[in-house]
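Coordinate analysis (summary)
Letter by letter, the chains look like this.
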Amino acid sequence: MRLSSIVTLLLLASINVSAQSPKRGDFIFPVRPKQENYLAGTMGELRSTHFHSGIDIKTSGITGLPIYAAADGYVERVRVSTSGYGNALYIAHPHNNSVTVYAHLERFSPEIAAYVRDKQYALESFDVNLFPDKGQFAFKQGDEVAKSGNSGSSSGPHLHFEIRDKAHKILDPLDFGFDEIVDNIAPTVSKVAFVTMDDHARVNGLFGRFEFNVQMDKAGNPVINEPLSLFGNIGVEVYVYDQLDGARNKNGVRHQTLTLDNELIFQQDVATMEFHLQRNILVHTNYKRSSQGGRRFNKYYVDAGNELTFYETNNLDGVMRVMDLNPHHLDIRLEDSYGNLNQYRFTINGSSDDLRTYQLAQSADKPAVDLHRGFLELKTDLTDRIYCEAKVYVDSTMYRQQMSYDVLDQAYYIWDMRYGMPDSVEICDQMQYFDFVAKLPKHRAAEYEGETCTVRFSNQALFDQLFLRYQYVDEGGAEYFQFGNEDVPLRKYVEIQLKPSLQYDVEKSAVYSVSSRGSLSYMGGEWEQGTVTFRTRDLVNYTVATDSVAPLIKPLRSKYSLRFLVTDDMSGIGEIRAELNGKWLLMNYDAKRNLIWSDEKSVVIGELKLVVTDNSGNIATYERRY
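Only a predicted model underlies this, so the values are computations on that prediction, with no experimental measurement involved.

**Let's talk about the pairing of strand β13 (residues 188-196)**
- Counting buried positions along β13 yields seven of nine residues, so the element is predominantly enclosed.
- With eight bridges connecting them, β13 and strand β18 (residues 230-241) associate as antiparallel partners. When the bridges of β18 are listed, Ala193 appears paired with Glu237.
- Pairing of β13 with strand β15 (residues 209-213) involves five bridges; the strand directions are antiparallel. Pairing of Phe194 across the sheet is with Phe210, part of β15.

**Overview of the environment of Glu507**
- Mapping Glu507 onto the fold places it in the loop between β40 (494-498) and β41 (509-514).
- Classification of Glu507 by relative accessible area gives exposed; the value is 60%.
- Expressed as a C-alpha distance, the spacing of Glu507 and Glu526, which sit 19 residues apart in the sequence, is 10.0 Å.

**Focus on the packing of aromatic side chains**
- Applying the stated criterion across every chain yields a total of 27 aromatic pairs.
- With 5.8 Å between their ring centres and 90 degrees between their planes, Phe51 and Phe310 make a pair best called edge-to-face. Taken together, the residues Phe51 in the loop between β1 (39-41) and β2 (55-58) and Phe310 in the loop between β22 (298-299) and β23 (311-313) connect sequence positions 259 residues apart.
- Among the residues examined, Phe51 registers a relative accessible area of 1% and is labelled buried.
- The class of Phe310 is buried, set by a relative accessible area of 13%.
- Through a chain of ring-to-ring contacts, the aromatic side chains of Phe51, Phe266, Tyr300, Phe310 and Tyr311 assemble into a single cluster.

**Section: the sheet that holds strand β31 (residues 405-407)**
- Strand order in this open sheet of four strands is β27-β28-β32-β31, and the pairing throughout is antiparallel. The two strands at the open ends of the sheet, each matched to only one other strand, are β27 (369-372) and β31. Direction aside, the axes of adjacent strands within the sheet are offset by 25 degrees on average.
- Relative to strand β32 (residues 410-416), strand β28 (residues 375-381) runs antiparallel, the two sharing seven bridges. When the bridges of β32 are listed, Leu378 appears paired with Tyr413.
- Of the strands in this sheet, β28, β31 and β32 are in contact with helix α5 (residues 356-365), which crosses β31 at around 95 degrees.

**Structural notes on the side chain of Thr59**
- One can find Thr59 in the loop between β2 and β3 (66-68).
- With a relative accessible area of 0%, Thr59 lands in the buried category.
- Within the structure, Thr59 has its side chain in polar contact with the backbone oxygen of Pro157 (distance 3.4 Å).

**Focus: the pairing of strand β30 (residues 397-401)**
- Relative to β30, strand β29 (residues 390-394) runs antiparallel, the two being bridged by five bridges. Bridging across to β30, Ala390 finds its partner in Gln401.

**Describing the sheet that holds β3**
- In spatial order, the strands read β3-β10-β7; together these three strands make up an open sheet with antiparallel pairing. Single-partner strands in this sheet number two, and they are β3 and β7 (107-108).
- Strand direction decides the pairing type here: β3 and strand β10 (residues 144-147), joined by three bridges, are antiparallel. Note on β10: the bridge partner recorded for Tyr68 is Glu144.

**Quick look at the pattern of salt bridges**
- The final tally for this structure, using the stated rule, is 33 salt bridges.
- With a shortest N-O distance of 2.7 Å, Asp599 and Arg117 are connected by a salt bridge. Taken together, the positions of Asp599 in the loop between β51 (595-597) and β52 (607-614) and Arg117 in helix α2 (residues 110-123) put the pair 482 residues apart, joining distant regions of the chain. Taken individually, Asp599 and Arg117 each receive the classification buried, so the pair is uniform in this respect.

**Quick look at unusual backbone geometry**
- Within the chain, Asn204 stands out as a residue other than glycine whose phi angle is a positive 50 degrees.
- Along the chain, Asn204 turns up in the loop between β14 (202-203) and β15.
- By relative accessible area, which is 0% here, Asn204 ends up buried.
- At Cys428, a position not held by glycine, the phi torsion is positive, near 55 degrees.

**Some points on the nonpolar core**
- Ranked by size, the top nonpolar core spans 55 residues in total, and within it Leu89, Tyr102, Ile112, Val116, Phe161 and Phe564 carry the most contacts.
- Other than its neighbours up to four places away in sequence, Leu89 contacts Val75, Arg77, Val78, Thr100, Val101, Tyr102, Leu105, Phe108, Ile112 and Val145.
- Of all hydrophobic cores here, the second largest spans 52 residues; its members include Val253, Phe266, Met273 and Ile332.

Each value, and the rule that gives it
Residues numbered from 1 in each chain as written. Predicted model: local features only at pLDDT ≥ 70, side-chain atom pairs only at ≥ 80, totals over all residues. Heavy atoms only, no water. Buried < 20%, exposed > 50% of the residue type's maximum accessible area, 1.4 Å probe, protein only. Helix = DSSP H or I, 4+ residues; strand = E, 2+ residues; numbered from the N terminus. Pairing = 2+ DSSP bridges. Phe/Tyr/Trp six-rings, centres within 6.5 Å; stacked < 30°, edge-to-face > 60°. Axes fitted to C-alpha atoms, helices over the stretch in contact; angles between N-to-C directions. Contact = heavy atoms within 4.5 Å. Polar contact = N/O pair within 3.5 Å; in protein donor to acceptor, adjacent residues only side chain to side chain. Salt bridge = Lys/Arg side-chain N within 4 Å of Asp/Glu carboxyl O. Core = buried A, V, L, I, M, F, W, Y, C linked by side-chain atoms within 4.5 Å.

Quick look at the structure:
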């Protein structure tokens, strides 16, 4: 074969390869193209149980804006749901092997809407998950495919927009060159936390996790106005955000780098995301901190069980090792999707400030008992005492634990849980009792069985080993099954079987989680021989409660459709069924507004019967002739 022929074939092959992947310029902006737009969320933003996929495009607080196909393609999936993405459209683009997703829509284009409506009637269900034939609904780039909305779990009108590859791996839409978004603002570090990773490490002479505010001095340089003395194996966590021109929203930061004395410690680039790894956000962030209602801190170390792949670290998985008290330079570098950069430099171990003032303030806020990364720290007051050792009792065996450090009259003892789970600890004649019941390994199926409950863990349920805490409390008219691991994330569901001692109407009773304020949230459960079994991903407090009150149906005045408020004060709405003259009638449902309504195509003449059933089987019925 001649050289020129080989070159031609190689060129053709390279063209075919490039045509198989989406690239800059392949897509138009899906709402108000060629106009400046604003974002409420970006790729990789930290949410409670997942990374944000795609971008959230503001729609000026209104619904009904035209949504356009970002590229030539056909509809491969249509989803209608009361939660999640709500009304969502998935368009495949064969020319570059990509898929675009348009979510929280108000309504679909007329031909898709008619198809969806027919399927809803055929299935007698508002919620549908449909896969039209390939090419059944084909669109050219710029064709209107829907109207923007606020459906599903949306907290306000906007368009959620994603670009995926053909395997549905999520790509960053801002990589594809949308001039409609203007960003000249660099990301910001608001707080930095330092974490002792073992019992020998210290932050300003203390053990635990400590947060520091980042401020700007008069010259515009970032400063931490507290001492920064670090020793041992230290983890770094940050609360960071990015803002874009014309919007006040605090978005995620894609590129983040940590160096110590110019040596790489940790780096991340959330350029792509895979759905099956989403729950790893629970160990990518500090779950304990966020579960207490606080900020979501990004860990700059790869914690136990974290399977995400967008990191580059040192040989300690991002942990800093500082083994001297010499000054060191710590740099945090942030870069957003538009290349805006910000760099923060801090000096650690470089101050001669007395640590005592800081230690006294932090010691006053420290709890008497804290389980931190597999170490149990106990605090006791040594006022009027010279010294006390701790006597740690594990399965009736006593171990002596010496004081680890002190702050004035406050003594601290650190017990390594690898040596056993304490039943109790005695310090200075004061006893502290614990409710640890089992040590459960990660990556292995395990079970705890007690007198009042059984907990079953699959081999993938835990990110890290778990020191299970549990106690049963009988308050006379109510009983509580209290798990003390609300700050421990679970990867997969666990199965819990409760063994109540009180008698219940099993047809109307179920398991409910109990918040710190005492409010109940329905969990469900299956009854069998006096026990009730349910699945959960939260080791919190539970009770069994009875719901015997039917839901409430309230008709609303409407000129063009039937409209009702449907509410239930306890177990929640389970099923809604409307019939007109004995035949199923489609009712749209917005769960967050407790609102149902008929669509404009329904001609309501005759006998209407609306039946609303809650999750405990209580039934409310509304009947009227129209």
